[in-house]
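Chain by chain, the residues:
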Amino acid sequence: MNIIVCIKQIMDPEIPTGKFKIDPEANRVIPSEGIPPVINPFDAQAIEVALRLKEANGANVTAITVGGQDVEDVVRYAISMGVDEGILVSDEAFKALNSFVTAFILSRAISRIGQYDLILCGRQAADRDAGHVGLMLGEMLNLPIITMAKAVTLSSDKFRVEHVITEGYQVYEVGMPALITISDEIGPPRRPSGWGVIAAAMGKEIPTWSAQDIGVNLSDVDIKSVRSETIRLFIPDSRRKGEVIQGNNVAEASANLMARLRADGII
Amino acid sequence: MAGYRGVLAFIETAEGKVTSTGREMLGVGRLLADALGETLDALLVGSDIEGVGRDVFSFGADRVFLVSDSLLAKYHPDLYTIAVSDACKQILPSIFLLPQDDVGRDIAPRVAAKLEIGLATDCIDLAIDPDTRLLLQTRRVYGGNATEVLVSRNAFPQLVTVKPRAMAQAKTDSNKQGEIITISVKLDASMARSKLLETVKEEIKGIKLEDAKVVVAGGRGIGGPEGFTLIHELAEVLGGAVGASRAPCDEGWVPTSYKIGQTGKVVTPDLYIAIGISGALQHTVGSLGSRCIVAINNDPEAKIFGVSDFKLVADYRDALPALINKYKEIISS
Ligand SMILES: Cc1cc2nc3c(=O)[nH]c(=O)nc-3n(C[C@H](O)[C@H](O)[C@H](O)COP(=O)(O)OP(=O)(O)OC[C@H]3O[C@@H](n4cnc5c(N)ncnc54)[C@H](O)[C@@H]3O)c2cc1C
Ligand SMILES: Nc1ncnc2c1ncn2[C@@H]1O[C@H](COP(=O)(O)O)[C@@H](O)[C@H]1O
């Protein structure tokens, strides 16, 4: 079985609020010095699913990312977790990478890879929290799609997928090839193993594919890039007044709090 | 853009009634349609839904488009994607609203790909730019650290999904009438390329989290499943529901359906009590709309205090029994 996992490098989503800075003129986030970018946490979980499927059924797992040259690290991270191959799709022309362009480029790159049985994506990238690329990619490749998986297993050439819904989950069965997006309910992903880190550091060069390599016409990319445009980016203010509830001890303060909530008509 | 007119809202129903999310969509949809001076239309997809049309008018829709097919009786991602995209191609709205719920989240990006248009998911605010008449699409990014406003200039309809509980519900006008239009979409069973085997509902005792007037939420600071007994007890005396940050869900102390936040539920109760929760943005974005937020934490520096109305610096094991006793005392007097 061949599994492809789409991964993205993002700014650390757990960055302390005080370190989060934007350039409001350019509508862009300023990368914070000293806080290295990370793999999108949901993509690490997608790799975890791929590796569990590999362990249970045997598989070749390829991680692929689209971005600038500076995102090679995310592919090395995937290798250190245990994936077999990594591919970096990178081109000067891929400047405005929005959902559509990314999905389009991925669809071309994946067509170049050729044979695959399963494509895994994260439920969303924890930078812009869009949740678009997996579904758009599946649509472009004309694949059946199951989103928000919290468990994926294989039996008699069919995937059994637990799809998270508000009230619990649904079990879907889907044949090969399919695209599945992974939700955080899958649980924490494995950490890179010592051997994996060495393999990633010493391993072969990571192939880099350009627009031309995957047959992407640059004017197509331009047309697709203007469907949605950010016209404003700002830091919202959600502070509240935060009144400290006093008391000689916790029991008294707690009683005061309850009395106050009652007096204010909240309960 | 020429040829595209009006606001279309994808409306879900349950037991023959418009859902609360549906009413929120009709609420904001009406404002947008009025700002444009165009119609507000509802799109209903399902089987035997003819009767529901009337209920939709009472929430402000001018017209109702029905796609009715026995294959659509239950939600299936492939069939709903086709039904909704095809209906949209026939209706050609200027703005198309879907909810960011189990269905909207699942199909909106596919509809965008099929129609080759833009998409903004999980919008917390929508408005019309008076100069350009374009839809201003506001959403949170970077886990809640920032907010962005998007426009789609070149690709119509302007497709967005609406965050549940972010918009005011439509007012009812039982006299409002409208036109019901049936749309036919060619569907056959082979278009469903996955098979739904079963639906497993996680039993939740008491009131639904999203509907509760009081939400008592516990975090990693609760320390284990035993601690949640006290959380449940407080919720019960207050007539509220129990929620959690992600940590207790990951640890298996509570079901994942308790999770509140960016990747969990959004709650907007009158009273939100966050206990043993540090206040990561990914959590607090799920409760920002609450009327009153109380934080109980034994760390006076905890970030949660910055987004709360009342702060109680305490070990929850001491605070909760005292809160419960005081409440019982208040209601019995
Ligand atoms: C992409 C992404 C998405 C995420 N989505 C969500 C989401 O939807 N929802 C969510 O909740 N999280 C989410 N998270 C995780 C989030 O960033 C935080 O890690 C998480 O909310 C922390 O949970 P916590 O506050 O319970 O735990 P901690 O941060 O460990 O805080 C525990 C708190 O308990 C206090 N405490 C300890 N003992 C006691 C005591 N005895 N009495 C009182 N207080 C005590 C401590 O002082 C501390 O403040 C997401 C993270 C990422 C990266
Ligand atoms: N630049 C990228 N390269 C590879 N995969 C990506 C990229 N951007 C997004 N994805 C995949 O698509 C998922 C959803 O991303 P998004 O639509 O941006 O929220 C991610 O979890 C990844 O699996």
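From a predicted model like this one, the values you see are computed outputs, not experimental measurements.

Caption draft 1: Inspection of the packing of aromatic side chains at higher detail. Applying the stated criterion across every chain yields a total of three aromatic pairs over all chains. Ring plane angle 50° and centroid distance 5.5 Å describe the contact between A:Phe20 and B:Tyr142, whose orientation is recorded as tilted. Linking A:Phe20 in the loop between strand 2 (9–10) and strand 3 (21–23) with B:Tyr142 in the loop between strand 8 (135–141) and strand 9 (146–151), this pair reaches from one chain into another. Side by side, A:Phe20 and B:Tyr142 carry an identical accessibility label, which is buried.

Caption draft 2: Region of the structure containing the environment of B:Gly223. With respect to the element layout, B:Gly223 can be found in the loop between strand 13 (214–218) and helix 5 (227–237). Between the alpha carbons of B:Gly223 and B:Glu251 there is a distance of 9.9 Å; along the sequence they are 28 residues apart.

Caption draft 3: Spatial organisation of the nonpolar core. Formed by 100 residues in total, the largest nonpolar core has its most connected members in A:Ile119, A:Leu120, A:Leu137, A:Phe159 and B:Leu43. Setting aside residues no more than four positions away along its own chain, A:Leu120 makes contact with A:Ile3, A:Ile4, A:Val5, A:Cys6, A:Ala46, A:Val49, A:Ala50, A:Ile180 and A:Ile182. Counting residues in hydrophobic clusters, the runner-up holds 37 residues, among them A:Ile245, B:Leu271, B:Ala314 and B:Tyr316.

Caption draft 4: Up close: the site of ligand 2. Residue and element names in this part refer to chain A. Around ligand 2, the structure places 19 residues, and the nearest of them are Cys6, Asp43, Ala125, His132 and Val133. Here a nitrogen atom of ligand 2 sits 2.8 Å away from a polar atom, N or O, in the main chain of Val66. Ala130 is positioned with one of its backbone polar atoms (N or O) 3.5 Å from an oxygen atom of ligand 2. The fraction of the free accessible surface of ligand 2 (480 Å²) that becomes covered by protein chains is 96%. Secondary-structure elements contributing two or more residues to the shell around ligand 2 are strand 6 (60–66), helix 3 (99–113), strand 8 (118–122) and helix 4 (133–140).

Caption draft 5: Molecular detail of the confidence of the model for chain B. Scored by pLDDT, chain B comes out at a mean of 96, with 100% of its residues at no less than 70. For this predicted complex, the interface confidence reaches an ipTM of 0.96, while the overall pTM sits at 0.96.

Caption draft 6: Region of the structure containing the sheet that holds strand 9 of chain B. Overall, mixed pairing links the 10 strands, which are arranged 14(A)-9(B)-8(B)-7(B)-10(B)-6(B)-1(B)-4(B)-5(B)-11(B) in an open sheet. The sheet is open, and its two edges are formed by strand 14 (229–234) of chain A together with strand 11 (179–182) of chain B, each paired on a single side. In this sheet, neighbouring strand axes are inclined to one another by 30° on average, regardless of whether the strands run parallel or antiparallel. One ladder, built from three bridges, connects strand 1 (residues 7–10) of chain B with strand 6 (residues 95–99) of chain B; its direction is parallel. Residue pairing for strand 6 of chain B: B:Val7 is matched across the bridge by B:Ile95. Seen against the sheet, helix 1 (residues 20–36) of chain B touches strand 1, strand 4 (40–46), strand 6, strand 7 (120–128), strand 8 and strand 10 (158–162) of chain B and runs at an angle of roughly 165° to strand 6 of chain B.

Caption draft 7: Highlighting the packing of helix 4 of chain A against helix 4 (residues 102–115) of chain B. Direction vectors running N to C along helix 4 of chain A and helix 4 of chain B enclose 50°, while the axes themselves pass 8 Å from each other. Here helix 4 of chain B runs oblique to helix 4 of chain A, going by the angle between their axes. Seen from above, helix 4 of chain A lies across helix 4 of chain B with right-handed handedness. Across the interface between the two elements, A:Leu135, A:Met136 and A:Glu139 of helix 4 of chain A pack against B:Arg105, B:Asp106, B:Pro109, B:Arg110, B:Ala112, B:Ala113 and B:Lys114 of helix 4 of chain B. Residue composition of the contact of helix 4 of chain A with helix 4 of chain B, grouped by class: five nonpolar, no polar and five charged.

Caption draft 8: The environment of A:Gln246, seen in detail. All names here are of chain A. Inspection of the secondary structure assignment puts Gln246 in the loop between strand 15 (243–244) and helix 7 (250–263). Residues Gln246 and Leu257, spaced 11 residues apart in sequence, show a C-alpha to C-alpha distance of 8.4 Å. Look past the residues within four positions of Gln246 in its chain and what remains in contact with it is Ala253 and Asn256.

Caption draft 9: Focus on the domain arrangement of chain B. All names here are of chain B. Domain boundaries in chain B define domain 1 (7–191) and domain 2 (209–332). Taking the mean C-alpha position of each, domain 1 and domain 2 sit 33 Å from one another. Taken residue by residue, the interface counts seven residues in domain 1 and 10 residues in domain 2. Between domain 1 and domain 2 the total buried area reaches about 700 Å² when both faces are included, carbon and sulfur atoms providing 53% of it. Broken down residue by residue, the surface that domain 1 buries against domain 2 is led by Arg140, Gly143 and Arg165, which jointly contribute 71%. For the pair domain 1 and domain 2, the interface holds one salt bridge. Between Asp211 and Arg165 there is a salt bridge, and its shortest N-O distance comes to 3.6 Å. Connecting domain 1 to domain 2 are one residue pair in polar contact (both at pLDDT 80 or more).

Caption draft 10: Representation of unusual backbone geometry in the model. Backbone torsion omega between A:Met176 and A:Pro177 reads -10°, so that peptide bond is classified as cis. Here the amide bond leading from B:Phe156 into B:Pro157 is cis, since omega sits at -5°, within 30 degrees of zero. Examined against the element boundaries, B:Pro157 turns out to sit in the loop between strand 9 and strand 10. Residue A:Asp129 is not a glycine yet carries a positive backbone phi of 50°. By secondary structure assignment, the location of A:Asp129 is in the loop between strand 8 and helix 4. The class for A:Asp129 is buried, based on a relative accessible area of 10%. The phi dihedral of A:Met148 is positive, around 50°, even though this residue is not glycine.

Caption draft 11: Seen up close, the site of ligand 1. Surrounding ligand 1, one finds 28 residues, the nearest of these being B:Arg220, B:Ser245, B:Arg246, B:Ser278 and B:Asn297. More than one chain approaches ligand 1, the contributing ones being chains A and B. Within the backbone of B:Gly264, an N or O atom sits 3.5 Å from an oxygen atom of ligand 1. The separation between an oxygen atom of ligand 1 and a polar side-chain atom of B:Asn297 is 2.7 Å. Alone, ligand 1 offers 980 Å² of accessible surface; in the complex the protein occludes 86% of this. Secondary-structure elements contributing two or more residues to the shell around ligand 1 are helix 6 (246–250), helix 7 (281–284) and helix 8 (316–332) of chain B. Split by residue class, the shell around ligand 1 holds nine nonpolar, 13 polar and six charged.

Caption draft 12: Focus on the pairing of strand 9 (residues 145–155) of chain A. Residue and element names in this part refer to chain A. Relative to strand 12 (residues 178–182), strand 9 runs parallel, the two sharing three bridges. Within strand 12, the position partnered with Ile146 by the bridge is Ile180. In terms of strand pairing, strand 9 meets strand 10 (residues 158–165) through six bridges, oriented antiparallel. Among the inter-strand pairings, Ala151 is bridged to a residue of strand 10, identified as Glu162. Here strand 9 hands over to strand 10 after two residues, with Ser156 in that stretch at a positive phi of 40°.

Rules of the game
- Residues numbered from 1 in each chain as written.
- Chains lettered and ligands numbered in written order.
- Predicted model: local features only at pLDDT ≥ 70, side-chain atom pairs only at ≥ 80, totals over all residues.
- Heavy atoms only, no water.
- Phe/Tyr/Trp six-rings, centres within 6.5 Å; stacked < 30°, edge-to-face > 60°.
- Helix = DSSP H or I, 4+ residues; strand = E, 2+ residues; numbered from the N terminus.
- Buried < 20%, exposed > 50% of the residue type's maximum accessible area, 1.4 Å probe, protein only.
- Core = buried A, V, L, I, M, F, W, Y, C linked by side-chain atoms within 4.5 Å.
- Contact = heavy atoms within 4.5 Å.
- Near = heavy atom within 4 Å.
- Polar contact = N/O pair within 3.5 Å; in protein donor to acceptor, adjacent residues only side chain to side chain.
- Areas by Shrake-Rupley, 256 points an atom, 1.4 Å probe, with all protein chains shown as cover.
- pLDDT = per-residue confidence, 0-100.
- Pairing = 2+ DSSP bridges.
- Axes fitted to C-alpha atoms, helices over the stretch in contact; angles between N-to-C directions.
- Parallel < 35°, antiparallel > 145°, perpendicular 65-115°, else oblique.
- Left-handed = near helix turned anticlockwise from the far one by under 90°.
- Nonpolar A, V, L, I, M, F, W, Y, C, P; charged D, E, K, R; others polar.
- Domains from an automatic or database assignment.
- Buried area = accessible area lost by both parts, 1.4 Å probe.
- Salt bridge = Lys/Arg side-chain N within 4 Å of Asp/Glu carboxyl O.

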